[in-house]
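Below are the chains, spelled out letter by letter.
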Amino acid sequence: MDTMTIIWIIVAIVVVLAVIALLVAASRKRNERRHQEADSIRARAQEQTSVVEKREAIAEETAADARRAQAEAEAKAAEAKRLQVDAQTHQNTATTSRDDLKHEWQRADELDPDVKTTDTPPNDARATDARTTGTGPTNARATDARTTGAGPANGRPTGTDSTNTHGAHAKPTDTSST
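All of these numbers come straight from a predicted model, not from anything done at the bench.

Peer 1: It is not clear to me how the overall build of the chain should be interpreted in this structure. Could you clarify?
Peer 2: If you tally the helices and strands in the chain, you get 4 helices and 0 strands. A burial count over the chain gives 10% of its 178 residues as buried. The long-range share in the chain, meaning contacts at least 24 apart out of those at least 6 apart in sequence, stands at 28%. Entry remark: accessible area of the chain is about 14500 Å², with carbon and sulfur atoms responsible for 57%.

Peer 1: Help me out: how do you make sense of a positive patch on the surface in this one?
Peer 2: Positive charge collects at one region of the surface, where Lys 29, Arg 30, Arg 33 and Arg 34 lie side by side. Positionally, Arg 34 belongs in helix H1 (residues 3–111). By relative accessible area, Arg 34 is classed as exposed at 55%.

Peer 1: What is the right way to look at the UniProt feature "transmembrane region" (unreviewed entry) in the chain in this model?
Peer 2: Here the UniProt-annotated "transmembrane region" (unreviewed entry) positions come out as residues 6–26. As annotated, residues 6–26 has a helix share of 100% and a strand share of 0%, and its two end C-alpha atoms lie 30 Å apart.

Peer 1: So what exactly am I meant to see when it comes to a nonpolar patch on the surface here?
Peer 2: Together, Met 4, Ile 7, Trp 8, Val 11, Val 15, Val 19 and Leu 23 make up an exposed nonpolar region whose accessible area comes to about 680 Å². With respect to the helices and strands, the residue Trp 8 is situated in helix H1. When its relative accessible area of 56% is taken as the criterion, Trp 8 is described as exposed.

Peer 1: Looking at this model, I keep getting lost on the pattern of salt bridges. Mind explaining?
Peer 2: Any two side chains of opposite charge can pair, so long as their charged atoms come close to each other. The final tally for this structure, using the stated rule, is 5 salt bridges. The salt bridge partner of Asp 39 is Arg 42, with a shortest N-O separation of 3.4 Å. You can see Asp 39 and its partner Arg 42 sitting in helix H1, 3 residues apart, about one turn around the helix. Members of the salt-bridge network, linked through shared partners, are Glu 79, Arg 82 and Asp 86.

Peer 1: Explain the confidence of the model for the chain here, please?
Peer 2: One rule of thumb: low pLDDT means the predicted coordinates there are not for detailed reading. Confidence in the prediction for the chain averages 77 pLDDT; 65% of positions are at 70 or higher. Within the chain, H1 carries the highest mean pLDDT (95), whereas helix H4 (residues 145–148) carries the lowest (42). Of the regions scoring below 50 in pLDDT, residues 125–170 engages in 62 contacts with residues more than four places distant in sequence or in other chains.

Reading the values: the criteria
- Residues numbered from 1 in each chain as written.
- Predicted model: local features only at pLDDT ≥ 70, side-chain atom pairs only at ≥ 80, totals over all residues.
- Heavy atoms only, no water.
- Helix = DSSP H or I, 4+ residues; strand = E, 2+ residues; numbered from the N terminus.
- Buried < 20%, exposed > 50% of the residue type's maximum accessible area, 1.4 Å probe, protein only.
- Contact = heavy atoms within 4.5 Å.
- Areas by Shrake-Rupley, 256 points an atom, 1.4 Å probe, with all protein chains shown as cover.
- Patch = residues over 30% accessible without salt bridge, like charges linked within 9 Å, V, L, I, M, F, W, Y side chains within 5 Å.
- Salt bridge = Lys/Arg side-chain N within 4 Å of Asp/Glu carboxyl O.
- Lys, Arg positive; Asp, Glu negative; His and termini not counted.
- Charge placed at Lys NZ, Arg CZ, Asp CG, Glu CD.
- UniProt positions renumbered as here; feature names shortened; annotations may be inferred.
- pLDDT = per-residue confidence, 0-100.

Put into structure tokens, the structure is as follows:
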């Protein structure tokens, strides 16, 4: 072999080694870039992790608020139902009391010889009988002191002046609270 061939073999080996060195260096740079890119992605993921955790916390808090509001709504609905039952009970009691009161008025009118009422049952004896509407007879008994405010409350002379201007059928004032 001559020297020229040896030189070309050495040059070829050096070139091959240089190419291998360049490939290794490029591979290392590529790996380094990939490592840096992976680190960058991890950093962004870490930042997003805290954002996602905050969103999850907000979602859990909102869900808890929704459950609390639902429980309050159910409690309000139960309270409303209880109040409706109470209102119905009070309405029934009031209706019964109104009927009893109406019967008392009628009984008092039936017992009082000075009271003349119509034969048809009125809705409210005080509001529709001839003494308060002015549609009945105009004799002294129909327009007695109970409707005019003059004289004693029962329409009968007692020998003393009465200061009761409410009349015989005035509703008593209810001072009780419900």
